[in-house]
Every structure is written in C-alpha cells, then in structure tokens.
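# Summary of structural features
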Amino acid sequence: MSQVVVNRHPRGTLSRQAELTLGAVGLAGLILLWQVASVASLLSERVVPAPTDVAGALGRLSVTADFWGAVWATVSITVIAMVVILLIAVPTAMAIHASRFVEHSTWFLIEFLKPIPGVALIPLALLLWGPTDGVKLFLIVFGSLWPMLTQLVYGLREIPGLALEMARVYRFGFWQRIHRITIPSVLPFTLTGLRISVTIALIIAIVTEYIVGMSGLGSLLALAQLNGVVDQAFALLLVSGLLGLGFSGSVAALSGPLLFWHPSQRERRNG
Amino acid sequence: MGAEHLLDLQDLGKTYSTGAVRARILEGVEFTVDRGEFVCVVGPSGAGKTTLLKCIAGLTAPTTGRTLFEGEKVTEPPAKLAVIFQDYSRSLLPWLTVAKNIELPLQKARFPARERPGIIAEALANVGLEGKGGVYPWEMSGGMQQRAAIARGLAYQPDVLLMDEPFAAVDAQTRIDLEDLVLGMSRRLGMTVLFVTHDIDEAVYMADRVVVLSGTPAAVARDITVDLPGERDQVQTKNLPRYGELRAEVFGLIQAAKRPAMQRTETVPARRMVP
Ligand SMILES: Nc1ncnc2c1ncn2[C@@H]1O[C@H](COP(=O)(O)OP(=O)(O)O)[C@@H](O)[C@H]1O
Ligand SMILES: [Mg+2]
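Here is what the cut-offs are and how they apply
- Residues numbered from 1 in each chain as written.
- Chains lettered and ligands numbered in written order.
- Predicted model: local features only at pLDDT ≥ 70, side-chain atom pairs only at ≥ 80, totals over all residues.
- Heavy atoms only, no water.
- Helix = DSSP H or I, 4+ residues; strand = E, 2+ residues; numbered from the N terminus.
- Buried < 20%, exposed > 50% of the residue type's maximum accessible area, 1.4 Å probe, protein only.
- Contact = heavy atoms within 4.5 Å.
- Areas by Shrake-Rupley, 256 points an atom, 1.4 Å probe, with all protein chains shown as cover.
- Rg over C-alpha atoms; globule rule 2.2 N^0.38 Å.
- Lys, Arg positive; Asp, Glu negative; His and termini not counted.
- Charge placed at Lys NZ, Arg CZ, Asp CG, Glu CD.
- UniProt positions renumbered as here; feature names shortened; annotations may be inferred.
- Pairing = 2+ DSSP bridges.
- Axes fitted to C-alpha atoms, helices over the stretch in contact; angles between N-to-C directions.
- pLDDT = per-residue confidence, 0-100.
- Domains from an automatic or database assignment.
- Buried area = accessible area lost by both parts, 1.4 Å probe.
- Salt bridge = Lys/Arg side-chain N within 4 Å of Asp/Glu carboxyl O.
- Polar contact = N/O pair within 3.5 Å; in protein donor to acceptor, adjacent residues only side chain to side chain.
- Nonpolar A, V, L, I, M, F, W, Y, C, P; charged D, E, K, R; others polar.
- Phe/Tyr/Trp six-rings, centres within 6.5 Å; stacked < 30°, edge-to-face > 60°.
- Lys NZ or Arg CZ within 6 Å of the ring centre and 35° of its normal.
- Core = buried A, V, L, I, M, F, W, Y, C linked by side-chain atoms within 4.5 Å.

In this section: the overall build of chain A. Helix and strand counts for chain A stand at 12 helices and 0 strands. In chain A, the succession of α and β elements from N to C terminus is α-α-α-α-α-α-α-α-α-α-α-α. Residue burial in chain A is summarised as follows: out of 271 residues, 41% are buried. Here the analysis covers contacts within chain A between residues at least 6 apart in sequence; of these, 72% occur between residues at least 24 apart. When the accessible surface of chain A is summed, it comes to about 15,100 Å², and 71% of that surface belongs to carbon and sulfur atoms.

Below, the structure is given as structure tokens:
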C-alpha cells in the first residue's frame, strides 16, 4: 500500500536547488525594495537603516574580537543545551514509551509545562538563582526540550509493529533490535525535533543574554540599542537570523545522508 | 521425543479482550503438519487466519490449547521457524540493502560469518534475484520485495515456513509467478510450508492438504487431502475436473459457515461441524 505513496510523482515538493533559488530571489527582492525605500527616504534612517548601512556596520563588527566572542558564547551554549536536551529526552521518551504508568503520570506534567514559554521563566529564574551560566543553560533546556521529547515519543510509537514481529520471529537480540530497528525508525522524528528545538534554544539564549547582559549576541544587541547605534543593532539581528538558519540548515543537511531511505528524501531526490 | 508431527495444533483458541468487549476469534482449532508437507489454510477475510498464524509462530499466546513444534510447546518463535508476512514493505527494513536484510537474522552461532555470503547468494538465486543483494528494497517492485522477504526466510534455513497471504498485495501476473516459484522451491528443497490464504484457487492449486477454516469463532471445517498430481501447472491442473470439485467443496464449506449470521461477541458459541 505504502508503495503507492512512495512512488507518487512528487507534485507538491520542490527539489532542494529550486527551493534555494526561489529563496535567494525572494530575499534579494526584499533587500532591493528596502534599499529603494531607504534611499527614497520612505524609511527614516533612525528607525530602519538602509541595507548598505547595515552591511557597513556588519563589516565593522566582524573585525572586533567582542563580536566573535559573543557569537561563540551564543553558539556554544546552544550546542551544549542541545546535548543536554538529548541526554534528558532520550531516556525520558523511552521510559514514557515503555510504561503506561510513566506515560499517564507524566502526561499531565508535560502538557502543563509545554505551553510555558521558556522566555517567560527568565525573570523568575534570574530572581531566584541569579545570572549564572547554569541558569542560562537551564532556561534554554527547559524552553526547548518539549519538541524533542514529543517527537521522540511519537517516533517510538510509530515503529511498525510488523518490523518488531519480524525481529521476534528471527530472534533478534536486544542490541540488534535497538541498532537495526529502533534507532533508524526514530531518526526522522529525532531530526525534526532537533530542528525545532535548536531554533527555540537559540532564541532563548539570545533573549536571556539581552535581558541579563550575559556575554553573547543578545547583550551586544542590547548595548547597540542603548547607544542608539541602529545600523549595528540591525546587523546583530541579521547575524542572529543567519545563525538560526545555519542551525536548522545543518540539521536539514544531516537528513539527506541519514534518511536516504525515507520516502520524503526519495521524493526530494526524484524531484 | 520422537514427535510424530512437525506441527501439532491442539484445541487452539483465541479470544481478544478489548476493555469489556471479548471477541472470540478461534475455537478448538486442531490439525497437524508433517515434515515436507505443503498445507494451505483457507478462510474468508477476517476469519482469524493471521491470528492463527501468530499463535502457531509464538507471536501471540493462544487463550486455550497449544501448538507443538517438533514436540515442544510453542511460547516464543522457535529458532527453526520463519514467517513470510503479507506486508513485505514493512517487514523488510528500508535502511538496509536486500543482502543486509537477509543477513540480519543469521546469528553467529548457526551461521559463521564466512559462510554467510554463500548462503545469501544461494537464497537470492532460489527466488530468482541473483545479483540483487546490493539493492535497497524500495528500489524494487512489490513482487521482487516479496521474493527478497522469502529469500530471507530461506537463508534462515527453517524447518517450516509460515506464509500469511504473501501474495495478496501483488498484481495477478506476479502472483501466479510467485505461486509457482514457491511451489517449485518447496519441492526442490523439501521445505515444509504452512500457507495461509483467503483465495480458494490459490489454496487448492498449491496445497497437498487444504485446511478449511470457517465459522465464528473459526474452527477447522474440514481437512481435505488434495489428490491432484504432484506436479502442478497453472493451466493443466486448473483444467482437471478434480480441481473443480475440490474448489467447489472448499467454496461450499465457506459459504455454509457464512449463512447463519452470528455475532462474534455472542456468549454461547454454536458448535462447529467437525469432520
Ligand atoms: N490485536 C487484536 N485485538 C483485537 N482484535 C483483533 C486483533 N487482531 C485481530 N483482531 C480481530 O480478529 C479478527 C480476525 O483477524 P485476522 O486474524 O487478522 O483475520 P484474517 O487474517 O483471517 O483476515 C478480526 O475481526 C480482527 O479485527
Ligand atoms: Mg490476515
């Protein structure tokens, strides 16, 4: 049955190249429009600087050690948070999946915690524990754990029953089952979870830095705003956006080689 | 132990309980399969054929009775039993090549690593997939995928191959090819096969014996020895008068059981006709 779906002509999907080209054209168009609007003084330069000014500010920033230090601080804490999230989410998802009791007893807690935006906890956490790297990590992990956890639980639930029966008939060992069935089956869900979680993690990192002034892109942004250096503030926003794109882009880049067997990737290749 | 039969089903019954609802699927199923036999179990869709096969394979525990495999009660899938599932696209792992899929069940103890390439090549040759080991399942047609699944079962060198409507999802021509492939293979290798199907023609054409499963809950309505010439041929065999008679007999048994429309959830089961 699934054969039909798999071999269907990929009408709705674009090849990666076409997607990138269209994306680039759209972005170029927007920047052009923005430049024209700035030059024509439709936009006040104190509110929105021209793209050329932003580019200039970015050039000046990129030769300072402060800037690269800030980028490093933000990127490294985000990466560390993702590792911590995986370390928490994998065993938790396995426990939830393995036991109906754990599922029922954690369901309420998770549904309760999930909608609390990580950002909303920042003032409270800082008040309680002060502005330390540990608190920053906690805030990031707390705010971006849920997509990962939810995806992992779904992934475990979606392992085809038939594959597990096949494994029983052919008497697979425990590790063989984990290595050959569980991990590959859950991988697509893991990558989706990772992509969503990493974006949220980056946002919370920057907002925390912004509010508390801990080193990172967020505090540079706060400083630029405070000093009224609007073009620099825009340059930093641009860098933040590019970082987000970079993170989710790296996860997407992993999907190609890791999920070559998955219907979505097969469609992409054909398209 | 000196077990007489390779498979011996004794008073097998299965009731699924979902909350307060109890669905009686099988009751008092009894038949045997001897070494080298090709036995078809035929019954309409939803009769409980897959359930029966899972009980025999040790994938699910029967509610009553038991299956003896080589004289021993089955509780988990026995080492010398393989199952070919209907849904090949899920039973083959898409992230592994065909060769790797076949190799996975070959455990160290029974299959030393250096012997495996030979075993895999032989199994592939037996199903007409020479040289296809390096291909991924989704790069092949449905019929070829099911052949690969059969090759995996063969390489495992079981004493009995259980097949659950293995050709229900392929087109008619492929189905005919696969029927003859499995028949030829089982004759050549002296394999014991328990083949489950809802298709009366397929059952009569392939089997040495047809076990007709009917009723609600299902039981063995009749155990028919197929006295057709051993060499089967899609045209000649199906033109034999005897083929038509056997076919009509099976059809009649299945129809007869359908007439008294009974509910699965009834408390008192109607007695089945027992041969
Ligand atoms: N795990 C299960 N729980 C409850 N009911 C089931 C389960 N598996 C199968 N059934 C029911 O048992 C009946 C027989 O199913 P099955 O053995 O798959 O029949 P067949 O293979 O002959 O088509 C069906 O009515 C089906 O809905
Ligand atoms: Mg079935």
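With that out of the way, let us pick up the overall build of chain B. Secondary structure summary: chain B contains 9 helices and 10 strands in total. In terms of overall size, chain B behaves like a compact globule, its C-alpha atoms giving a radius of gyration of 19 Å where 275 residues would be expected to give roughly 19 Å. Taken along its principal axes, the extent of the C-alpha atoms in chain B is 55 × 45 × 40 Å. Counting only residues that meet the buried cut, chain B has 53% of its 275 residues in that class. Contacts in chain B between residues at least 24 apart in sequence constitute 71% of all its contacts with a sequence separation of at least 6. Surface exposure of chain B reaches about 11,800 Å², of which carbon and sulfur atoms provide 50%. Each charge class in chain B was averaged separately, 32 positive and 34 negative side chains, and the resulting centres sit 5 Å apart.

With that settled, consider the UniProt feature "domain: ABC transmembrane type-1" (unreviewed entry) in chain A. Here the UniProt feature "domain: ABC transmembrane type-1" (unreviewed entry) sits at residues 71-255 of chain A. Its end C-alpha atoms 26 Å apart, residues 71-255 of chain A is made of 86% helix and 0% strand.

Looking now at the sheet that holds strand β8 (residues 192-197) of chain B. Where strands meet in a sheet, backbone hydrogen bonds hold them as pairs that are either parallel or antiparallel. Residue and element names in this part refer to chain B. Spatial strand order, β6-β7-β8-β3-β9-β10: 6 strands in an open sheet with mixed pairing. Every other strand in the sheet has two partners, leaving β6 (81-84) and β10 (219-225) as the edge strands with one partner each. Within the sheet, the average angular offset between the axes of one strand and its neighbour, ignoring direction, is 15 degrees. Packing of helix α1 (residues 49-57) onto the sheet brings it into contact with β3 (38-42), β6, β7 (160-164), β8 and β9 (209-214), and relative to β7 it is tilted by some 155 degrees. Running over the sheet, helix α9 (residues 241-258) touches β3, β9 and β10 and is turned about 175 degrees from β10.

Our focus in this paragraph is the UniProt feature "domain: ABC transporter" (unreviewed entry) in chain B. Mapped onto this numbering, the UniProt entry gives "domain: ABC transporter" (unreviewed entry) at residues 7-240 of chain B. As a span, residues 7-240 of chain B carries 31% helix and 28% strand, and end to end its C-alpha atoms are 31 Å apart.

All names here are of chain B. Per-residue confidence for chain B averages 90 on the pLDDT scale, and 93% of its residues sit at or above 70. Predicted confidence for residues 262-275 stays below pLDDT 50, and this span has 28 contacts to residues more than four positions away or in other chains. Across the interface, the model reports ipTM at 0.89; the global pTM reads 0.84.

Right, let's talk about the domain arrangement of chain A for a bit. Residues and elements named next belong to chain A. Examined at the domain level, chain A breaks down into domain 1 (13-43) and domain 2 (49-270). Relative to domain 2, the C-alpha centre of domain 1 lies at a distance of 27 Å. Taken residue by residue, the interface counts 9 residues in domain 1 and 9 residues in domain 2. Together, the buried faces of domain 1 and domain 2 total about 730 Å²; carbon and sulfur atoms form 49% of this surface. At the surface where domain 1 touches domain 2, the tally comes to 0 salt bridges. There are 2 residue pairs in polar contact (both at pLDDT 80 or more) connecting domain 1 and domain 2. Of the residues that constitute the side of domain 1 that touches domain 2, the class distribution is 3 nonpolar, 4 polar and 2 charged.

On to the UniProt feature "transmembrane region" (unreviewed entry) in chain A, then. Residue and element names in this part refer to chain A. This chain's UniProt record puts "transmembrane region" (unreviewed entry) on residues 20-43, 70-96, 108-129, 135-156, 186-213 and 233-261. For residues 70-96, helix accounts for 100% and strand for 0%, while the C-alpha atoms at its two ends are 38 Å apart. For residues 186-213, the end-to-end C-alpha separation is 39 Å, with 96% helix and 0% strand making up the annotated structure.

Residue and element names in this part refer to chain A. Of the residues in chain A, 94% have a pLDDT of 70 or more, and the chain-wide mean is 86. Ranking the elements of chain A by mean pLDDT puts helix α1 (residues 2-7) last with 39 and helix α8 (residues 161-169) first with 95. In the predicted structure, residues 1-10 sits below a pLDDT of 50 and forms 10 contacts with residues beyond four places in sequence or in another chain.

Here the focus is the packing of aromatic side chains. Given two aromatic rings, one states the distance between the centres and the angle between the planes to describe the pair. Evaluated as defined, the whole model comprises 13 aromatic pairs over all chains. With centroids separated by 5.6 Å and ring planes inclined at 80 degrees, the aromatic side chains of W129 of chain A and F138 of chain A adopt a geometry described as edge-to-face. For F138 of chain A, a relative accessible area of 36% puts it in the partly exposed group. Taken together, the aromatic side chains of W129, F138, F142 and W146 of chain A make up a single cluster linked through ring pairs. The ring of Y156 of chain B carries R110 of chain B above its face, with NZ or CZ at 5.1 Å from the centroid. K238 of chain B extends its terminal NZ or CZ atom over the ring of Y205 of chain B, reaching a point 4.9 Å from the ring centre.

Below, the discussion takes up the sheet that holds strand β5 (residues 72-73) of chain B. Residues and elements named next belong to chain B. What the 4 strands build is an open sheet, ordered β2-β1-β4-β5; its pairing is antiparallel. This sheet does not close on itself; its edge strands, each paired only once, are β2 (21-33) and β5. In terms of strand pairing, strand β4 (residues 64-69) meets β5 through 2 bridges, oriented antiparallel. Residue pairing across strands places F69 opposite E72, the latter belonging to β5. Most of the contacts of α1 go to strand β1 (residues 7-18), to which it runs at about 120 degrees, and overall it touches β1, β2 and β4.

Turning to the nonpolar core, a few remarks are in order. Judged by nonpolar contacts, the single largest core of 153 residues is most densely connected at F31, L52 and L162 of chain B. With 12 residues, helix α7 (residues 133-157) of chain A is the single largest residue contributor to this core. Those residues within four positions of L52 of chain B in sequence are excluded, and the remaining contacts are L9, L12, L26, V29, F31, V41 and L213 of chain B.

The next point concerns the pattern of salt bridges. By the definition in use, this model includes 23 salt bridges over all chains. Salt-bridge contacts for K136 of chain A lead to E209 of chain A; the nearest nitrogen and oxygen are separated by 2.9 Å. Here K136 of chain A, found in helix α7, pairs with E209 of chain A, found in helix α9 (residues 174-212); they are 73 residues apart in sequence, far enough to count as distant. E209 of chain A matches K136 of chain A in its accessibility class, with the two residues each being buried. Where D223 of chain B meets R209 of chain B, a salt bridge forms, and the shortest distance between an N and an O atom there is 3.0 Å. In this pair, D223 of chain B is assigned in strand β10 and R209 of chain B in strand β9, connecting sequence segments 14 residues apart. Of the residues examined, R209 of chain B reaches a relative accessible area of 10% and is grouped as buried. Three or more residues are tied together by salt bridges with common partners; here these are R35, E70, K80 and D159 of chain B.

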